[in-house]
Amino acid sequence: MLIDLDLLRAHGGTIHTYDSHDYIFQIEETPRCYYQIVSGDVKLNYTNEDGKELIQSLLTKGESVCELLLFVDHKYPVNAVTMSDCTIMKVPKVEFLHMLDEHPRAAIDVRTYISKTLYQKFIMMQNIASTSAEERIKGTLKYFKSFFPDKTPFSYEVKLTRQQFASITGLRTETVIRTLKKLEKEGFVKIEDRKVYF
DNA sequence: ACATTAAGTGGTG
DNA sequence: CACCACTTAATGT
C-alpha cells in the first residue's frame, strides 16, 4: 500500500467502486485527483493511429494511478481502465498535495514509487526497442518475473492473455502465440493448459 | 444451448 | 512480422 488509507481518508479521500472495463479517467482529461487502488487491477492504455491498443502499464492493489500528473501541468496521456471490479481511493489534488506537505514520510514514499516505476519504464522501453519479437517477449517475461520472489524456473505464471501480451509488446497476438510456442520448444517457457510459465 | 472471448493455424504480402 | 480469414477451445449467462 503506497499510502495509508486512513491518512488519505483524513485528507478528503473517498472510496469508489468500479466494474470491470470502466474508465477511471481518459486521455486528454485534466488530472484533478489522486487515485490509489484498494483492490482490483488497472491498465493504462491508448489507441495508436492504426486503431490498435497499446498498454503502457499494469497496476494492482496498493499502487497509485498516474500520480505523476499531479506534479506537472499536463493532461492525461493515457486512459486508466479497470481490468476487474475495483475499489479505489480517490483524493482531490489540492488536498493530496497538502497532505504531502504535512507528511514527509508520505512524500518520500510517493517519490520512491515514482522513481521505481520510472526505472521500470526504462527497462520496458529497452525490451520493446528490441528488433526481434523473440527478444521483446523474452525481455518482457523477465521483466514481469523480476517482481516475483520465486526465481526458480517456470515458477511464474503469466496471468495475461495473449492479446494483452501483444498490446504490451506492440506485437500481433498471432506473433505472440507463435513466438511463445517457439520459446517453449527452446525450453525458455513451459506451457500447460494454455497457461504460460516462465 | 447459445453467445462471446481467447487460443491456435494457414496463408499472403 | 503484420494482416486477414477461419477453426477450435474455453467461458459466460
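Scroll up for the structure.
In this text, all values refer to a predicted model and were calculated from it rather than measured experimentally.

Novice: Describe helix α4 (residues 133–145), and please don't skip the residues or the numbers.
Specialist: Taking 1.5 Å per residue, 13 residues should reach 18 Å; α4 reaches 18 Å between its end C-alpha atoms and fits that length. Burial analysis of α4 places 11 of its 13 residues in the buried class, which makes it a mostly covered element. All of the buried residues along α4 are Ala133, Glu134, Arg136, Ile137, Lys138, Gly139, Thr140, Leu141, Tyr143, Phe144 and Lys145. Considering only its buried residues, α4 is in contact with β5 (53–59), α3 (104–128), α5 (162–169) and α6 (173–185).

Novice: An account of the pattern of salt bridges is requested, with residue identities and associated values reported.
Specialist: Counted according to the given criterion, the structure contains 6 salt bridges. Salt-bridge contacts for arginine 105 lead to aspartate 109; the nearest nitrogen and oxygen are separated by 3.2 Å. You can see arginine 105 and its partner aspartate 109 sitting in helix α3, 4 residues apart, about one turn around the helix. Judged by relative accessible area, arginine 105 falls into the exposed class, the value being 55%. Residue class for aspartate 109 comes out partly exposed when judged on its relative accessible area of 25%. Several salt bridges share partner residues, and in doing so they unite Glu134, Lys138 and Lys182 into one network.

Novice: Break down the protein's contact with DNA strand B for me, with residues and values.
Specialist: Near DNA strand B the following residues occur: Thr161, Arg162, Gln163, Glu174, Ile177, Arg178, Lys181 and Arg194. The protein-proximal atoms of DNA strand B, defined as those within 4 Å of the protein, are 63% sugar or phosphate. A distance of 3.0 Å separates a phosphate oxygen of DNA strand B from a polar side-chain atom of arginine 162. Interatomic distance of 2.6 Å between a side-chain N/O atom of arginine 194 and a sugar or linking oxygen of DNA strand B. Broken down by secondary-structure element, the contributors of at least two residues to the surface near DNA strand B are α5 and α6.

Novice: Account for the sheet that holds strand β7 (residues 86–92), with residues named and values stated.
Specialist: Strands sit in the order β1-β7-β3 across an open sheet of 3 strands; the sheet is antiparallel. Each edge of the open sheet is held by one strand with a lone partner, namely β1 (14–18) and β3 (33–39). Strand-to-strand twist across the sheet, computed as the mean angle between neighbouring axes with direction ignored, equals 30°. Alignment of β1 against β7, held across 5 bridges, turns out to be antiparallel. The partner of tyrosine 18 across the bridge, within β7, is cysteine 86. Most of the contacts of helix α2 (residues 93–102) go to β7, to which it runs at about 80°, and overall it touches β3 and β7.

Novice: Quick rundown of the state of the cysteines? Include the residues and the values.
Specialist: Overall, the coordinates contain 0 disulfides when judged by the stated rule. Here cysteine 33 is not disulfide-linked; the sulfur of cysteine 66 is the nearest cysteine sulfur, at 13 Å. Taking relative accessible area as the criterion, cysteine 33 reaches 13% and is therefore assigned buried.

So, how was this worked out
- Residues numbered from 1 in each chain as written.
- Chains lettered and ligands numbered in written order.
- Predicted model: local features only at pLDDT ≥ 70, side-chain atom pairs only at ≥ 80, totals over all residues.
- Heavy atoms only, no water.
- Helix = DSSP H or I, 4+ residues; strand = E, 2+ residues; numbered from the N terminus.
- Expected span 1.5 Å × (residues − 1).
- Buried < 20%, exposed > 50% of the residue type's maximum accessible area, 1.4 Å probe, protein only.
- Contact = heavy atoms within 4.5 Å.
- Salt bridge = Lys/Arg side-chain N within 4 Å of Asp/Glu carboxyl O.
- Near = heavy atom within 4 Å.
- Polar contact = N/O pair within 3.5 Å; in protein donor to acceptor, adjacent residues only side chain to side chain.
- Pairing = 2+ DSSP bridges.
- Axes fitted to C-alpha atoms, helices over the stretch in contact; angles between N-to-C directions.
- Disulfide = S-S within 2.5 Å.

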